[in-house]
Protein chains: 2
Amino acid sequence: MKPGPKRSLSEEAIVGAALKLLGERGGDAVSMRSIAGEVGVAPNAIYTYFPDKAAVLRAVVDRLIGEQSLDVFSDRTMPWRHRIREVALGLRARLLDHPGATRLLLGAPMDGPRALAYGEKLLDLLAEAGLSEEDAARASYTLIVYLLGSIALEAAELDPAAPTPPEDDRIAQRRKGFEAIPAESFPRTAASVDVMAAYISTDQFLWGLERVLDGLVRD
Amino acid sequence: MKPGPKRSLSEEAIVGAALKLLGERGGDAVSMRSIAGEVGVAPNAIYTYFPDKAAVLRAVVDRLIGEQSLDVFSDRTMPWRHRIREVALGLRARLLDHPGATRLLLGAPMDGPRALAYGEKLLDLLAEAGLSEEDAARASYTLIVYLLGSIALEAAELDPAAPTPPEDDRIAQRRKGFEAIPAESFPRTAASVDVMAAYISTDQFLWGLERVLDGLVRD
DNA sequence: GCTGAGTCTGTACGCTGTACAGAGATCGAG
DNA sequence: CTCGATCTCTGTACAGCGTACAGACTCAGC
């Protein structure tokens, strides 16, 4: 057995506290100090469990991913497309539940054990769908790109990073920094704006997923 | 004319300085203070031009996007698929040139004027490819998801956010925080790892793009 | 019982974004 | 030409951040 006093915390507890803060008070509220406060230790005690903050955040993301059961992947009573849909929706729901978490996803990509298991299963599933080993690998990556990209863009839209200033000078604030650009090149009510705004929904998510899958395993 | 002294800077200059820092010293080096130092003013002088740091970063991203000429979009001597490839590669190249910039992309999505113009053109192009108005909109969004997702994941991989610690205890450091998880669930040499590592390339980017396009405009 | 490793606390450093007050420059109006 | 309004920029300051360092305490094994 190791010497020294018993640990008063666990990685689990720390990640849990971070997750709680993330959900309750947004991504900016997740600091070493607030996490430590949440579990009742001095801020630097966390460095006993994780090498730095980035590691904590990676563990948070991994836990979020790991909350999804992997059983669906191999449930052969469903057609594989159905299973992929299911898994994709699950991942999306879990991550969008904590909008602040998502911006972490892409800064430190999925290299936690649970994320790896996830990727592994996805690979198997695509092989089962009839793809060659190489195609399955490429398709798996493409799919992950679509999933994470979608989720990230959606999360960015609904993140509480927009504390809604007094609306009076919101447009002015928004234009600040683009003053050198003629006003007419601001397509304020243009179609592209509507696209971004209106199609952010489960509906659009599934529509895109379906098309991507069509492209990946067609013929 | 407005009263007050002449401005000694411009939004352009500030964004330029930020971009320079981004390229030369990485994303973490872009602070209000360093930008101000670069252009030779006090840190808070920047607040005359931008409401806050996020606005500066949004302008940076918009500038990066805007560096791409929009002419390719409407050059009807090329087939539309070729044009999309061209434009996608251009965007990717421009953003990966400044790896630090990419993590900003998803935190504050593209709402700058140049980004909007970009989206607008993409929409037209897809309509030209024969899609209905609604399908073009959805496809446009899906395509943007793929582009930004790809680029973000690639940038995360090659970002200088990995200062490479002394390699002796790199694995130990890496495992820290996952100690509760049995070692055998660490698929260290698993296929999914290779997927993530090996297929990050222009090749994979184009492969995926082609499949996504196949899915979007098949029939 | 001693040794030495391991866990936690207190303190401190250098950095961040940005709010606030005021100095100086420049304009339009009288 | 003067005056007051208005704008830009500086100095200073604050609260918060991640984390390095030194030391107090607790325990397993000799």
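Small disclaimer: the values here were computed from a predicted structure and weren't measured. (Residues numbered from 1 in each chain as written. Chains lettered and ligands numbered in written order. Predicted model: local features only at pLDDT ≥ 70, side-chain atom pairs only at ≥ 80, totals over all residues. Heavy atoms only, no water.)

### Looking at the overall build of chain A
Helix and strand content of chain A: 10 helices and 0 strands. Counting helices and strands in the order they occur from the N terminus, chain A gives α-α-α-α-α-α-α-α-α-α. For chain A, buried positions account for 48% of its 219 residues. Counted over contacts in chain A with a minimum sequence separation of 6, partners at least 24 positions apart contribute 69%. When the accessible surface of chain A is summed, it comes to about 10,500 Å², and 52% of that surface belongs to carbon and sulfur atoms. (Helix = DSSP H or I, 4+ residues; strand = E, 2+ residues; numbered from the N terminus. Buried < 20%, exposed > 50% of the residue type's maximum accessible area, 1.4 Å probe, protein only. Contact = heavy atoms within 4.5 Å. Areas by Shrake-Rupley, 256 points an atom, 1.4 Å probe, with all protein chains shown as cover.)

### Side note on the pattern of salt bridges
Applying the stated criterion across every chain yields a total of 24 salt bridges over all chains. Note that Arg83 of chain B is salt-bridged to Glu128 of chain B, the shortest N-O span being 2.6 Å. Taken together, the residues span a long stretch of sequence, with Arg83 of chain B in helix α4 (residues 80-96) and Glu128 of chain B in helix α6 (residues 113-128) at a distance of 45 residues. For Arg83 of chain B, a relative accessible area of 2% gives the class buried. Counted as one network, the salt bridges with shared partners bring together Arg81, Arg85, Glu210 and Asp214 of chain A. (Salt bridge = Lys/Arg side-chain N within 4 Å of Asp/Glu carboxyl O.)

### Digging into the protein's contact with DNA strand D
Taken together, the neighbourhood of DNA strand D is formed by 25 residues, with Arg33 and Lys53 of chain A together with Ser8, Ala42 and Asn44 of chain B sitting nearest. When the atoms of DNA strand D within 4 Å of the protein are grouped by moiety, sugar and phosphate amount to 63% of the total. Interatomic distance of 2.9 Å between a backbone N/O atom of Met32 of chain A and a phosphate oxygen of DNA strand D. The backbone of Ser8 of chain B places a nitrogen or oxygen atom 2.4 Å from a phosphate oxygen of DNA strand D. (Near = heavy atom within 4 Å. Polar contact = N/O pair within 3.5 Å; in protein donor to acceptor, adjacent residues only side chain to side chain.)

### A short note on the packing of helix α4 (residues 80-96) of chain A against helix α6 (residues 113-128) of chain A
All names here are of chain A. Between α4 and α6, whose axes approach to 10 Å, the crossing angle comes to 160 degrees. In terms of their interaxial angle, α4 and α6 are classed as roughly antiparallel. In this structure, the crossing between α4 and α6 has a hand that is left-handed. Taken together, the residues of α6 that come into contact with α4 (itself represented by Trp80, Arg83, Ile84, Val87 and Leu91) are Tyr118, Leu122, Leu125, Leu126 and Glu128. Its residues assigned to classes, the contact of α4 with α6 shows 8 nonpolar, no polar and 2 charged. (Axes fitted to C-alpha atoms, helices over the stretch in contact; angles between N-to-C directions. Parallel < 35°, antiparallel > 145°, perpendicular 65-115°, else oblique. Left-handed = near helix turned anticlockwise from the far one by under 90°. Nonpolar A, V, L, I, M, F, W, Y, C, P; charged D, E, K, R; others polar.)

### Points about the protein's contact with DNA strand C
Around DNA strand C sit 27 residues in total, of which Ser8, Ala42 and Asn44 of chain A together with Arg33 and Lys53 of chain B are the nearest. Taking all atoms of DNA strand C within 4 Å of the protein, the share assigned to sugar and phosphate is 56%. Between a phosphate oxygen of DNA strand C and a side-chain N or O atom of Arg7 of chain A, the distance comes to 2.8 Å. Residue Ser8 of chain A places a main-chain N or O atom 2.4 Å away from a phosphate oxygen belonging to DNA strand C. Taken together, the residues of the surface near DNA strand C break down into 12 nonpolar, 7 polar and 8 charged.

### Some points on the environment of Ala115 of chain B
Residue and element names in this part refer to chain B. Topologically, Ala115 is positioned in helix α6. Put simply, Ala115 and Leu64 are 51 residues apart on the chain and 9.3 Å apart in space, counted from C-alpha to C-alpha. Here Ala115 is in contact with Asp62, Ile65 and Met110, once residues within four sequence places are set aside.

### Things to note about the confidence of the model for chain A
All names here are of chain A. Residues of chain A with pLDDT of at least 70 account for 79%, and the chain-wide mean is 82. Note on residues 161-177: pLDDT is under 50 here. Beyond four places in sequence and across chains, it has 14 contacts. A low-confidence stretch, residues 179-190 (pLDDT under 50), is modelled with 15 contacts involving residues beyond four sequence positions or located in other chains. (pLDDT = per-residue confidence, 0-100.)

### Section: the packing of helix α1 (residues 11-25) of chain A against helix α2 (residues 32-39) of chain A
Packed helices, taken two at a time, are described by their axes: the angle between them and the distance between them. All names here are of chain A. In contact at an axis separation of 9 Å, α1 and α2 are set at 110 degrees when each is read in the N-to-C sense. Considering their axes alone, α1 and α2 lie roughly perpendicular with respect to each other. Note on packing geometry: the crossing formed by α1 with α2 is right-handed. On α2, the residues touching Ala13, Ile14, Ala17, Ala18, Lys20 and Leu21 of α1 are Ser34, Ile35, Glu38 and Val39. Its residues assigned to classes, the contact of α1 with α2 shows 7 nonpolar, 1 polar and 2 charged.

### Some details on the packing of aromatic side chains
Throughout the structure, instances matching the rule amount to 4 aromatic pairs over all chains. A ring pair is formed by Phe73 of chain B and Tyr118 of chain B, whose centres lie 5.3 Å apart and whose planes are at 90 degrees; its orientation type is edge-to-face. Of this pair, Phe73 of chain B sits in the loop between α3 (53-66) and α4 while Tyr118 of chain B is found in helix α6, placing the two residues 45 residues apart along the sequence. Assessed through its relative accessible area of 4%, Tyr118 of chain B is described here as buried. Note on Tyr146 of chain B and Phe205 of chain B: the rings are 6.0 Å apart at their centroids and 20 degrees apart in plane angle, and the pair reads as stacked. Residue Tyr146 of chain B is found in helix α7 (residues 133-158), and its partner Phe205 of chain B is found in helix α10 (residues 202-217); the two are separated by 59 residues along the sequence. We note that Tyr146 of chain B, like Phe205 of chain B, is buried. Across from the ring centre of Phe205 of chain A, 5.0 Å away, lies the NZ or CZ of Arg92 of chain A, which sits over that ring. (Phe/Tyr/Trp six-rings, centres within 6.5 Å; stacked < 30°, edge-to-face > 60°. Lys NZ or Arg CZ within 6 Å of the ring centre and 35° of its normal.)

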